[in-house]
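Residue strings, one per chain:
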Amino acid sequence: MIFQRTECEAQLGNIDVEWHALQAGVTPAPCIAVSGDHPAYILYTSGTTGAPKGVVRPTAGHLVALNWTMKNIYNVDPGDVFWAASDVGWVVGHSYICYAPLIHGNTTVVFEGKPVGTPDATTFWRVIAEHDVRSFFTAPTALRAIKREDSEGVSIKNFDMSRLRALYLAGERADPDTIEWAQKVMGVPVYDHWWQTETGYTIAGNPAGIEAMPVKIGSPTVAMPGYDVQILNEGGHEMQPGELGAIAVKLPLPPGTLPTLWNAPERYVKSYLTTFPGYYETGDAGMIDTDGYLYIMARTDDVINVAGHRLSTGGMEEVLAAHPDVAECAVIGVGDDLKGQLPMGFLCLNKGCTRPHADIVLDVIKLVREKIGPVAAFKLACVVDRLPKTRSGKILRGTMVSIADSKPFKAPATIDDPVILDEVRSALKAMGYAK
Ligand code: AMP
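Procedures and definitions
- Along each chain, residue indices are assigned from 1 in the same order as the chain's sequence is written.
- With pLDDT at 70 or above as the cut-off, local features in this predicted model cover only qualifying residues; side-chain atom pairs require 80 or more to be listed or tallied, and sums for whole chains, interfaces and linings still use all residues.
- The side-chain figures draw on all heavy atoms in the structure; neither hydrogens nor water molecules are used.
- Working definition: helices are DSSP H or I runs of at least four residues, strands are E runs of at least two. Numbering for both runs from the N terminus.
- The size measure is the radius of gyration over C-alpha atoms, and the globule rule it meets is 2.2 Å times the number of residues to the 0.38 power.
- Per-residue accessibility, obtained with a 1.4 Å probe over protein chains only, is compared with the maximum for each type, and a residue is labelled buried under 20%, exposed over 50%, and partly exposed between these values.
- Contacts between residues were defined by any pair of non-hydrogen atoms, one from each residue, lying within 4.5 Å.
- Salt bridge, as applied in this entry: a Lys or Arg side-chain nitrogen positioned within 4 Å of an Asp or Glu carboxyl oxygen.
- The criterion for a residue being near a molecule or strand is simple. One of its heavy atoms has to lie within 4 Å of it.
- Counting of polar contacts relies on pairs of N or O atoms within 3.5 Å, with two restrictions inside protein: one atom must be capable of donating a hydrogen and the other of accepting it, and residues adjacent in sequence are counted only when both atoms are side-chain atoms.
- A 1.4 Å probe and the Shrake-Rupley method give the accessible areas. Residues count as covered only by the protein chains that appear here.
- When residue character is reported, Ala, Val, Leu, Ile, Met, Phe, Trp, Tyr, Cys and Pro are called nonpolar, Asp, Glu, Lys and Arg charged, and the others, Gly included, polar.
- Note: two strands are recorded as paired if DSSP finds a minimum of 2 bridges between them.
- Fitted lines through C-alpha atoms give the axes, limited to the stretch in contact for helices. The angle between two N-to-C directions lies from 0 to 180 degrees.

(A) Spotlight on the overall build of the protein chain. Broken down by element type, the protein chain carries 12 helices and 18 strands. At 22 Å, the protein chain has a C-alpha radius of gyration in line with the 22 Å of a compact globule built from 435 residues. The C-alpha extent of the protein chain, read off along each of the three principal axes, is 70 × 55 × 50 Å. When burial is assessed residue by residue, the protein chain has 51% of its 435 residues classed as buried. Taking contacts inside the protein chain between residues at least 6 apart in sequence as the whole, the part at least 24 apart equals 64%.

Pasting the structure below:
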């Protein structure tokens, strides 16, 4: 169903219907009562690994949970303006452009555009200033795009940001470099929070509206009410603080989270409830420190094994991102005859950086050796212009690994720009991979 905008009309195909035409002459239907667990919607996960899964969202529990988060996590009162700069088609858009702000009595900003290029890297600042936004939610990738254009944060000074109270980040690992940049440039607390399409709202966050907990950069803070988050080893046993393992949520899950997958109840059990009996498997790897702070290090599939050492690619990305010329990066594990896997870094540089790429590659290799140690065996890195991502901004690390290892793969349906895969393939070929 297409809503035509006169500014830029879409060419309709055979399966498309125009919104106004569809409604012409139709009698509005009255509301009907449904049971609390009636599906509000079905949302397909971004599917960085395989075929998308249709997450079912139960209506009542979800509305109760979302309403709770607006004050207790996002710290807004009814009447305040809230802005989630997301695509309305993703889970953040469903939950935080649409349902949560509206049920809580907030004004919600509906924004179509990008952080850069529509028309420039000040769009976010302008919308925040013009609409009196109190709490702002976006993905780290959006901030990295702005930082790449304006690394000193000069342009924000032209906007009145005084009424903004906090920035919330989710959707991917918020690397310390991006958080520190945002804190400095925006001058507000930056709260990372971790959740999934499956849950529909925060699993771990900072309860800023109850009482903000100290921010530990690199951690989305603590498990929120309703979630008993545990770190498990391969045998399903709970691990000690500081140990890297699979992140699981002890059942039952709280209200509003997925009760099943649409038309695929067996796949629901297989995908989420089978690996660790009695737990929901999040698919993420991480650890909990002695203060109960959670750290999300990578998808479980992105933990690599280098000569018997389990290493998080997220930890290495953190080191690369801290290099002053690096705007964005990804680390993947490529197959190696000797060590099993070897880490390989992809670097996107800040605009205007003129240093030779080979020097920057040498710098980051040295940095990883210093910060993580020789055990990481980090010796492979290259500079690329762009990283392959889903349209929601998630880097397609799994697809990059398949290309590097010359394995067949199916690009996910949600890929933003498939051409970037060819660019990655060329970079890999230059390093002797992707044969
Ligand atoms: P999606 O269902 O598409 O929103 O993706 C959920 C996944 O994104 C999680 O399982 C994590 O791998 C990643 N993710 C979301 N938020 C965070 C965060 N704050 N820190 C680290 N990873 C995150």
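Moving on from the coordinates now.
(B) Geometry of the pattern of salt bridges. Counted under the stated rule, the structure contains 25 salt bridges. One salt bridge in this structure joins Glu423 and Arg386, with 2.6 Å as the shortest N-O distance. With Glu423 in helix 12 (residues 419–430) and Arg386 in the loop between strand 18 (380–383) and helix 11 (397–404), this residue pair connects regions lying 37 residues apart in the sequence. Of the residues examined, Glu423 reaches a relative accessible area of 28% and is grouped as partly exposed. By relative accessible area, which is 30% here, Arg386 ends up partly exposed.

(C) The arrangement of the site of the ligand in detail. Near the ligand lie 15 residues; those nearest to it are Asp192, His193, Thr197, Asp284 and Arg299. The contact in question runs from a nitrogen atom of the ligand to an N or O atom on the backbone of Glu172, over 3.3 Å. Surface burial for the ligand is 89%, taken as the share of its 490 Å² of free accessible area covered by protein chains. Its residues assigned to classes, the shell around the ligand comprises three nonpolar, five polar and seven charged.

(D) Looking closely at the sheet that holds strand 7 (residues 190–192). Strands sit in the order 4-3-5-6-7 across an open sheet of five strands; the sheet is parallel. The open sheet is flanked by strand 4 (107–108) and strand 7, the only strands paired with a single partner. Of the strand pairs in this sheet, strand 5 (residues 133–138) and strand 6 (residues 166–169) are connected by four bridges, and their pairing is parallel. Note that in strand 6 the partner of Phe137 across the bridge is Tyr168. Across the sheet, helix 3 (residues 91–103) touches strand 3 (81–84), strand 4 and strand 5, and the angle it forms with strand 3 is around 170°.

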